[in-house]
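# Fold and geometry: a report
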Amino acid sequence: MSADWRSDLVDELRSLIVRAEPAVVEEAKWKKASNPDGVPTFSADGLICTVETYQDKVKLTFAKGAALEDPNGLFNASLDAGTRRAIDVREGEALDAEGFVALVREAVALNRS
């Protein structure tokens, strides 16, 4: 992995989200001194997910994750949260790209229902 594997992963995730929903809107929210670039958020008729970068992982939090089927078992964090669910990806871990695209599509469909 490169020295900045996290930014490479965020770029990959961004392209997968756009592949799942070409009309997605990306915005940076919650800018603060400790995170001047803010948190990338992805929306289509409502919030789909956020992508947060930490020292040891990239966290994808789905706003309505608890309502999604997740047939590929991608959610591995925030499993006790009432509404949200998250996917933590650590250095060297592979993300199921097709399963992730399907999850994003399901989230968009839920926003539009």
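Right above here is the structure, for reference.
Residues numbered from 1 in each chain as written. Predicted model: local features only at pLDDT ≥ 70, side-chain atom pairs only at ≥ 80, totals over all residues. Heavy atoms only, no water.

The subject of this paragraph is the packing of aromatic side chains. Counted according to the given criterion, the structure contains two aromatic pairs. Where Phe 62 meets Phe 75, the ring centres are 5.5 Å apart and the plane angle is 75°; that geometry is what we call edge-to-face. Within this pair, whereas Phe 62 is found in strand β4 (residues 57-62), its partner Phe 75 is found in the loop between β4 and β5 (85-90), the two being separated by 13 residues in sequence. You can call Phe 62 buried: its relative accessible area is 0%. Both rings, one in Phe 62 and one in Phe 100, keep their centres 6.1 Å apart while their planes meet at 80°; by these two values the pair is edge-to-face. With Phe 62 in strand β4 and Phe 100 in helix α2 (residues 97-112), the pair connects residues that are 38 residues apart, well separated along the chain. Across this residue pair, the class does not change: Phe 62 and Phe 100 are buried. (Phe/Tyr/Trp six-rings, centres within 6.5 Å; stacked < 30°, edge-to-face > 60°. Helix = DSSP H or I, 4+ residues; strand = E, 2+ residues; numbered from the N terminus. Buried < 20%, exposed > 50% of the residue type's maximum accessible area, 1.4 Å probe, protein only.)

This next bit is on the sheet that holds strand β2 (residues 39-43). The strands that make up a sheet pair up through hydrogen bonds in the backbone, lying either parallel or antiparallel. Pairing within the open sheet is antiparallel, and its five strands lie in the order β1-β2-β3-β4-β5. Looking at the sheet topology across the chains shown, the edges are occupied by β1 (25-29) and β5. Taking each pair of neighbouring strands and ignoring which way they run, the sheet shows an average axis angle of 20°. Pairing of β1 with β2, which is carried by five bridges, proceeds in the antiparallel orientation. Opposite Glu 26, over in β2, you have Phe 42 as the bridge partner. Packed on one face of the sheet, helix α1 (residues 5-20) meets β1, β2, β3 (47-53), β4 and β5 and runs near 30° to β4. (Pairing = 2+ DSSP bridges. Axes fitted to C-alpha atoms, helices over the stretch in contact; angles between N-to-C directions. Contact = heavy atoms within 4.5 Å.)

The next subject is the packing of α1 against α2. As a packed pair, α1 and α2 sit with axes 9 Å apart at the nearest point and diverge in direction by 50°. In terms of their interaxial angle, α1 and α2 are classed as oblique. Of the two elements, α1 crosses α2, and the hand of that crossing is right-handed. Contact with α1, carried on its side by Leu 13, Leu 16, Ile 17, Arg 19 and Ala 20, involves Ala 97, Glu 98, Phe 100, Val 101, Val 104 and Arg 105 of α2 and no other residues of that element. (Parallel < 35°, antiparallel > 145°, perpendicular 65-115°, else oblique. Left-handed = near helix turned anticlockwise from the far one by under 90°.)

This part is about α2. Helix length check: α2 (16 residues) gives 23 Å between terminal C-alpha atoms against 22 Å at 1.5 Å per residue, within 8%. Looking at the buried positions of α2, the neighbouring elements they touch are α1, β3, β4 and β5. N-capping of α2 is provided by Asp 96, with a side-chain oxygen placed 3.3 Å from the backbone N of Glu 98. (Expected span 1.5 Å × (residues − 1). Polar contact = N/O pair within 3.5 Å; in protein donor to acceptor, adjacent residues only side chain to side chain.)

Among the secondary structure elements, Arg 90 is positioned in strand β5. Distance in space between the C-alpha atoms of Arg 90 and Lys 57 is 4.4 Å, their sequence separation being 33 residues. Non-local contacts of Arg 90, meaning those with residues more than four positions away in its chain, are made with Trp 5, Asp 56 and Lys 57.

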